[in-house]
Amino acid sequence: MDLFEYMRSTNMEKESPLAARMRPRTLDEVVGQEHIIGKDKLLYRAIKADKISSIIFYGPPGTGKTTLAKVIANTTSAEFTQINATVSGKKDMEEVVAKAKELQGMYGKRTILFIDEIHRFNKGQQDYLLPFVEDGTIILIGATTENPYFEVNGALISRSVIFELKPIPKEAIKELLKKAVYDTERGMGSYNAEIDEEALDFLADISGGDARHALNAIELGVMTTERSEDGRIHITLDVAQECIQKRAVRYDKNGDSHYDTVSAFIKSMRGSDPDAAVYYLARMLYAGESVTFIARRIMICASEDVGNADPQALLVAVSASQAVERIGMPEAQIILSQAAAYVASAPKSNASYNAVFEAMQEVERTGNLPIPPHLQDAHYKGAAKLGHGTGYKYAHDYPNNYVEQQYLPYELSGREFYRPSGNGYEVKIKEHMKRLREEARSGNAVNKE
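All of these numbers come straight from a predicted model, not from anything done at the bench.

## Quick word on the overall build of the chain
- Scanning the chain from terminus to terminus reveals 20 helices and seven strands.
- Here the C-alpha atoms of the chain give a radius of gyration of 28 Å, more than 25% beyond the 22 Å that 2.2 N^0.38 yields for 449 residues.
- Expressed along its principal axes, the backbone C-alpha trace of the chain runs to roughly 90 × 65 × 40 Å.
- Counting over 449 residues, the chain shows a buried share of 42%.
- Nonlocal contacts in the chain, meaning residues at least 24 apart in sequence, comprise 72% of its contacts between residues at least 6 apart.
- Each charge sign in the chain was given a centre, from 54 positive and 63 negative side chains, and these centres are 5 Å apart.

## A short note on the packing of helix α16 (residues 291–306) against helix α18 (residues 332–345)
- It is the contact of α16 with α18, at a shortest axis distance of 10 Å, that shows an interaxial angle of 15°. One finds that α16 runs roughly parallel with respect to α18. In this structure, α16 meets α18 at a crossing whose hand is left-handed. Here V291, I294, A295, I298, C301, A302 and V306 of α16 come into contact with α18, specifically with A332, L336, A339, A340 and V343.

## Observations regarding the side chain of Q33
- Relative to the helices and strands, Q33 is located in the loop between α2 (18–21) and α3 (34–37).
- The exposure class of Q33 is buried, given its relative accessible area of 5%.
- One polar contact links the side chain of Q33 to the main-chain carbonyl oxygen of T63, over a distance of 3.1 Å.
- Residues contacting Q33, with those up to four places away along its chain left out, are G38, T63, L165, K166 and I168.

## Comments concerning unusual backbone geometry
- Geometrically, the link from M329 to P330 is a cis peptide bond, its omega value of 5° lying close to zero.
- Position of P330 among the secondary structure elements: in the loop between α17 (312–327) and α18.
- The residue Q33 is not glycine, and still its phi comes out positive at about 65°.

## Observations regarding the nonpolar core
- Counting residues in each nonpolar core, the largest one holds 31 residues, and the members touching the most others are L177, I195, L203, L215 and I218.
- Elements with a minimum of two residues in this core: α2, α10 (170–182), β6 (193–195), α11 (197–206), α12 (211–224), β7 (233–235) and α13 (237–244).
- Residues within four places of L177 in sequence aside, it is in contact with L200, L203, A204, A214, L215 and I218.

## Quick notes on the environment of D40
- Looking at the element boundaries, D40 is found in the loop between α3 and α4 (42–48).
- Residue D40 is classed as exposed on the basis of its relative accessible area of 56%.
- Linking D40 and K179, residues 139 residues apart in sequence, is a C-alpha distance of 27 Å.

## Re the pattern of salt bridges
- Counted by the stated rule, this structure contains 20 salt bridges.
- A salt bridge links E95 to K91; its shortest N-O distance comes to 2.8 Å. Note that E95 and K91 are positioned in helix α6 (residues 90–107) at a spacing of four residues, about one turn of the helix.
- On the accessibility criterion, E95 (46% relative accessible area) is partly exposed.
- Among the residues examined, K91 registers a relative accessible area of 58% and is labelled exposed.
- The residue K123 makes a salt bridge to D127 at a minimum N-O spacing of 2.9 Å.

## What about the sheet that holds strand β3 (residues 111–116)?
- In spatial order, the strands read β2-β3-β4-β1-β5; together these five strands make up an open sheet with parallel pairing. Where the open sheet ends on each side, the last strands, each with one partner, are β2 (79–84) and β5 (161–164). Put simply, the sheet's adjacent strands are angled 15° from each other on average, direction ignored.
- Here strand β1 (residues 55–58) pairs with strand β4 (residues 139–144) via four bridges, running parallel. In the sheet register, Y58 faces β4, and the bridge partner there is T144.
- On top of the sheet, helix α5 (residues 65–75) reaches β1, β2, β3 and β4; it is set at about 145° to β1, its chief contact.

## Quick notes on the pairing of β4
- Here β4 lies mainly inside the structure; six of its six residues are buried.
- Side chains I139, I141 and A143 of β4 all project onto a buried face; the interleaved residues L140, G142 and T144 project onto the opposite face, where all are buried too.
- In terms of strand pairing, β3 meets β4 through five bridges, oriented parallel. Considered in β4, the bridge of D116 is made with A143.
- Handedness of the crossover joining β3 and β4 through helix α7 (residues 123–134): right-handed.

## Let's talk about the packing of α10 against α12
- α12 packs onto α10 with a crossing angle of 35° between their chain directions and a minimal axis gap of 10 Å. The two elements α10 and α12 cross, and the hand of that crossing is right-handed. For the pair α10 and α12, the contacting residues are I173, L176, L177, A180 and V181 in the first and A211, A214, L215 and I218 in the second.
- Residue classes in the contact of α10 with α12 are distributed as nine nonpolar, no polar and no charged.

Rules behind the numbers
- Residues numbered from 1 in each chain as written.
- Predicted model: local features only at pLDDT ≥ 70, side-chain atom pairs only at ≥ 80, totals over all residues.
- Heavy atoms only, no water.
- Helix = DSSP H or I, 4+ residues; strand = E, 2+ residues; numbered from the N terminus.
- Rg over C-alpha atoms; globule rule 2.2 N^0.38 Å.
- Buried < 20%, exposed > 50% of the residue type's maximum accessible area, 1.4 Å probe, protein only.
- Contact = heavy atoms within 4.5 Å.
- Lys, Arg positive; Asp, Glu negative; His and termini not counted.
- Charge placed at Lys NZ, Arg CZ, Asp CG, Glu CD.
- Axes fitted to C-alpha atoms, helices over the stretch in contact; angles between N-to-C directions.
- Parallel < 35°, antiparallel > 145°, perpendicular 65-115°, else oblique.
- Left-handed = near helix turned anticlockwise from the far one by under 90°.
- Polar contact = N/O pair within 3.5 Å; in protein donor to acceptor, adjacent residues only side chain to side chain.
- Core = buried A, V, L, I, M, F, W, Y, C linked by side-chain atoms within 4.5 Å.
- Salt bridge = Lys/Arg side-chain N within 4 Å of Asp/Glu carboxyl O.
- Pairing = 2+ DSSP bridges.
- Right-handed = clockwise from strand over helix to strand, strands pointing away.
- Nonpolar A, V, L, I, M, F, W, Y, C, P; charged D, E, K, R; others polar.

Here it is as structure tokens:
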């Protein structure tokens, strides 16, 4: 680095946004994410020991994905290179790989490549990295706000450890904001500002676990608020509301958080109280909450809490979600009200919810149990010769289009995951399945329903 480059980087550090200046430099400065960087956790130990393998950080904005990459950069003995997939391409990666090969060959030094927004790379660009991750030429650290299992190549996923970052807890954000206001080295301490407890609570609450969002609001408040007669800049609740463009009263006049309101909305629908559901819907709409966010909550509730007790509930919720995106506010509030009231009034069952989670636990416990041979695909080359599909009973060849045979892996024979409730349409489902099984066993044919 020459003198001009040094001066440029020094000036950028001083003049960069508050959120960038306050970014933790060591593991001990990182707030939140104890589930992955607690002192007894794998990632913490790997960073401390400088034994990082390829990893992908996945989580909402402002939760510390780039921060953790920077911490690794500050602690590793490996060469650390960063690119952003929104502005970089294959040529940039080729340059990194060429340099990595040189460092590895001449000095035995590893290279860590951090790719921010890795989901922005297309399949071909991601494929280019694969052989170099495979042979250890580079250690990949990817960061993404999108589900990596959908947006990142399966081959890269299989060679990486996925770490999901969670929204930063409210108390941790409050401590970060205090440091930002009063720290004279990297924060706004030289501005002689102070922040009220109400403003702290509000910003930590409204940020939704996004530290960058809260820090941007603090910086705007300090930079634009006039000094009081005592010579200090006072960040009050009013100032905080104006800077983040949300008013606390819109969420709750008694100080309840945004998440409490959402929770009350969902629990009211689950508890079959349409009046309360519509009331909390109104509070969120009044706050300016995203209609697509609300629609997603209704869809989840329609499946998780109503399920097959009323299969129409999910159809109503999905139609409402599509409609609000096309129509927008203010008419969208009518559609959301209809959907929320319907889901709240519908009979309830969480049988489908329980079924999939019990099945997931079983898969986690037992792994990939062998699929019964008669259920295996016999169409691909050579499969039939291996006995795949042999003995399969085609349901439509039997009365009621039903025949008893082993569908679950043999090790799980007789295991039940989906147990229909005694509510709504699931009563018919339970009766139908019971009748099919009884009549199949007795060999008596009945008319199709």
